[in-house]
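Letter by letter, the chains look like this.
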Amino acid sequence: MGYNARFRLAIDQSQASSDGALGCHVVTHWRSLTTCESYLIASLLLDEKAEHTPPSAGASRKRRAQTTSDSSSAESSSSEDDNERKVKRKRAKKSDGSDRPIFNLKRLNEHIVPKKFKLISHHQIPHFLQKKDWMTKLDLSSAYFHVSIAESHRRFLRLVYKNQVLQMKCLPFGLSCAPKNFAALTNWVTQILRDQGMRIVVYLDDFLLVNQSEQHLESQVAVATQLLEKLGWTINYQKSILKPTQELDYLGLVWNTRKNFVGIPLKKIKTIVSISEKALDRKKVSKKDTQILLGTSNISLVAEYLPGKYNDIADHLSRGKQATEWHLLQPALKAIFRRFGTPQIDLFASERTKIVERYVTRDPRDTAAHYINAFSQIWRYQLAWVFPPPSLIPRVLHHLNSAEGTFLVVAPLWKKAYWLADLQRRAVCKPMRIRDLESFLIDQNTGRPPPRVQDMRLLVWKIGAGGR
């Protein structure tokens, strides 16, 4: 059979799947193979001209790239040519010791400009978790392989294996835009669950669900599991933790909400000790060992610029400026107080922005304040006003677990904020939207409405205290 005929066969012999959509089952990894596990691939990304001109053996050898398979496939291969030996030496291991198939798409990635996006990191988990939370996690099996590739794009994912041309029909590891596209899917699923009142975050295919109630969390995990399977995802029950616990491994760290503690798993500690002892014996540390130590310890030595709008206090202090203070004018406040009542105290204010005489400030120089730093004391108020910077809302919700009384919490309506479900769960009635912000919301430092105020939506939530 000629080269072009084999090329066409690789395209024609596969059944079509739902392009670009989430199927009801895990799609076959390689279009010419009959099972998801039976591959040991030495791959070659082909140029468009390769469809008409077969590459020479020498050129093919230089341009080959490897992907990995599971250990059973590697052992069943009787051939010992150079490419298969390279595959064995370059297997990418998962955390459970199994192999992860990676398609070397370096040449294709040179022509792709992936859009920037952010994944949740272990730095944000302390703000998400609350003391005495119960935790569970759900892990997806072969997550990327649930997502099929559009027919028109599969030609860019071709490779050669034993003189046969194959092409990927699902999302491969190694494609630079794959993480963002996959994260969009799991973030969408996460938002559906948040809309049902769940406190949940996701890192690609790893979901973390938490609740102050063990019983409520058990029922929520059942709902989340049912939804994921209904959408066609395959859950890895061996790696998932379905029974609520107060100590759990997530994103490479151990989180203990009973003791309010985070640490490094024992396995990683042993790795760190082993590398450190070898380094002491050699009296030097290699670059590779340093990278392993930093990675194992979840340490990132990266300086990152944080714009002032996200780092409000530090940015203003470094420039000798006052921190931004947003203030609602009296017409808006009167409407709020008519509905909810007048608060006893304003917990996040200054002498200029206080809405009642009794207030708490962040400024240690403000001698007129009732006290400094709202989080320094337990809140016990019949009705208190809470209008914090949005970045402090998770901490406010955590602090409410030990509080007593009722609180009017002012927060922006950000539908994708992970703390919104917790805010909704604590509400004792429907929130009130503050309208006409262009007229009633003022930045005290400028005397004007904040930038892009026309795009803002502020809600006032009446919140009950305690770990509801």
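Coordinates for the structure precede this section.
Everything numeric here is computed off the predicted structure, so don't read it as measured data. (Residues numbered from 1 in each chain as written. Predicted model: local features only at pLDDT ≥ 70, side-chain atom pairs only at ≥ 80, totals over all residues. Heavy atoms only, no water.)

A. Structural view of the sheet that holds strand S11 (residues 247-250). With respect to topology, three strands assemble into an open sheet ordered S11-S12-S13, the strand pairing being antiparallel. What marks the edges here is a single partner per strand, and that holds for S11 and strand S13 (261-263). Strand after strand, the sheet turns through a mean of 20 degrees between neighbouring axes, direction not considered. Two strands pair when backbone bridges link them, and strand S12 (residues 253-256) and S13 are joined in this way by three bridges, in the antiparallel orientation. Looking at the pairing, Asn256 lines up with Phe261 of S13. (Pairing = 2+ DSSP bridges. Helix = DSSP H or I, 4+ residues; strand = E, 2+ residues; numbered from the N terminus. Axes fitted to C-alpha atoms, helices over the stretch in contact; angles between N-to-C directions.)

B. Quick look at the packing of helix H7 (residues 178-195) against helix H8 (residues 214-230). Remark: H7 packs on H8, axes separated minimally by 11 Å, with the N-to-C direction vectors making an angle of 140 degrees. On the basis of the axis angle, H7 is oblique to H8. Here H7 and H8 pass one another in a crossing that is right-handed. Contacts from Val189, Ile192 and Leu193 in H7 reach Ala224, Leu227 and Leu228 in H8. Each residue belonging to the contact of H7 with H8 can be placed in one class, and the counts come to six nonpolar, no polar and no charged. (Parallel < 35°, antiparallel > 145°, perpendicular 65-115°, else oblique. Left-handed = near helix turned anticlockwise from the far one by under 90°. Contact = heavy atoms within 4.5 Å. Nonpolar A, V, L, I, M, F, W, Y, C, P; charged D, E, K, R; others polar.)

C. View of the pattern of salt bridges. Taken as a whole and judged by the stated rule, the model has eight salt bridges. Linking Asp139 and Lys239 is a salt bridge whose minimum nitrogen-to-oxygen distance equals 4.0 Å. Taken together, the residues Asp139 in strand S5 (residues 134-139) and Lys239 in the loop between H8 and strand S10 (241-245) connect sequence positions 100 residues apart. Overall, the relative accessible area of 6% leaves Asp139 in the buried class. Take Lys239: its relative accessible area is 30%, and that puts it in the partly exposed class. Three or more residues are tied together by salt bridges with common partners; here these are Asp422, Arg425 and Arg426. (Salt bridge = Lys/Arg side-chain N within 4 Å of Asp/Glu carboxyl O. Buried < 20%, exposed > 50% of the residue type's maximum accessible area, 1.4 Å probe, protein only.)

D. Seen up close, the pairing of strand S19 (residues 404-412). Where strand S18 (residues 380-386) meets S19, five bridges bridge the pair, whose relative direction is parallel. Bridging across to S19, Trp385 finds its partner in Leu408. In the classification by handedness, the crossover that spans S18, the intervening helix H13 (residues 393-400) and the parallel S19 is right-handed. One ladder, built from seven bridges, connects S19 with strand S22 (residues 458-464); its direction is antiparallel. Considered in S22, the bridge of Phe407 is made with Ile463. (Right-handed = clockwise from strand over helix to strand, strands pointing away.)

E. Molecular detail of empty space enclosed by the protein. For the coordinates displayed, the defined rule picks out one cavity of 30 Å³ or more. Of the voids in this model, the largest cavity is the one considered here, and its volume is about 60 Å³. In terms of lining, the largest cavity is formed by His127, Phe128, Gln130, Arg199, Pro394, Leu397, Tyr418, Trp419 and Asp422. Secondary-structure elements contributing two or more residues to the lining of the largest cavity are helix H6 (125-128) and H13. Its residues assigned to classes, the lining of the largest cavity shows five nonpolar, two polar and two charged. (1 Å grid on protein atoms, 1.4 Å probe; cavity = no way out; pocket = protein on both sides within 12 Å on 5 of 7 lines; lining within 4 Å. Points joined across faces, edges and corners; volume = space filled by probe spheres on them.)

F. Broad picture of the nonpolar core. Formed by 43 residues in total, the largest nonpolar core has its most connected members in Ile125, Leu208, Leu347, Phe348, Trp379, Phe407 and Trp419. Top element by residues in this core is H13. It accounts for four residues. Among the nonpolar cores identified, the runner-up in size contains 37 residues, and Leu175, Leu193, Phe207 and Leu228 belong to it. (Core = buried A, V, L, I, M, F, W, Y, C linked by side-chain atoms within 4.5 Å.)

G. Structural view of a positive patch on the surface. On the surface, Lys415, Arg433, Arg435 and Arg457 cluster together into a patch of positive charge. By the element assignment, Arg457 lies in the loop between strand S21 (441-443) and S22. (Patch = residues over 30% accessible without salt bridge, like charges linked within 9 Å, V, L, I, M, F, W, Y side chains within 5 Å. Areas by Shrake-Rupley, 256 points an atom, 1.4 Å probe, with all protein chains shown as cover. Lys, Arg positive; Asp, Glu negative; His and termini not counted. Charge placed at Lys NZ, Arg CZ, Asp CG, Glu CD.)

H. Quick peek at the environment of Met198. Examined against the element boundaries, Met198 turns out to sit in the loop between H7 and strand S8 (199-203). When the C-alpha atoms of Met198 and Leu420 are compared, they prove to be 9.4 Å apart, with 222 residues separating the residues in sequence. If we ignore the near neighbours within four places in the chain, the residues touching Met198 are Leu193, Leu209, Gln220, Val223, Ala224 and Ala421.

I. Structural detail: the packing of aromatic side chains. What the rule picks out here adds up to eleven aromatic pairs. Aromatic pair Tyr144 and Phe173: ring centres 4.5 Å apart, planes at 10 degrees, arrangement stacked. Of this pair, Tyr144 sits in the loop between S5 and strand S6 (158-161) while Phe173 sits in the loop between strand S7 (164-167) and H7, placing them 29 residues apart in sequence. Each of the two residues, Tyr144 as well as Phe173, counts as buried. One residue, Arg199, lies across the ring of Phe128, its end atom 5.6 Å from the ring centre. (Phe/Tyr/Trp six-rings, centres within 6.5 Å; stacked < 30°, edge-to-face > 60°. Lys NZ or Arg CZ within 6 Å of the ring centre and 35° of its normal.)

J. Expanded view of the sheet that holds S5. Taken together, the four strands give an open sheet; going across it, the order is S8-S9-S5-S10, and neighbouring strands pair in antiparallel fashion. Either end of the sheet is taken by a strand with one partner, and the two such strands are S8 and S10. Pairwise comparison of adjacent strand axes, ignoring direction, gives a mean angle of 15 degrees for this sheet. Examined bridge by bridge, S5 and strand S9 (residues 206-211) share six bridges and lie antiparallel to one another. Bridge assignment links Asp139 to a residue of S9, and that residue is Asp206. On top of the sheet, H7 reaches S8 and S9; it is set at about 175 degrees to S8, its chief contact.

K. Region of the structure containing the side chain of Arg426. Considering the arrangement of structural elements, one finds Arg426 in helix H14 (residues 420-426). At a separation of 2.6 Å, a polar atom in the side chain of Arg426 contacts the side chain of Asn401. In this structure the side chain of Arg426 is engaged in a polar contact, spanning 3.1 Å, whose partner is the side chain of Asp422. (Polar contact = N/O pair within 3.5 Å; in protein donor to acceptor, adjacent residues only side chain to side chain.)

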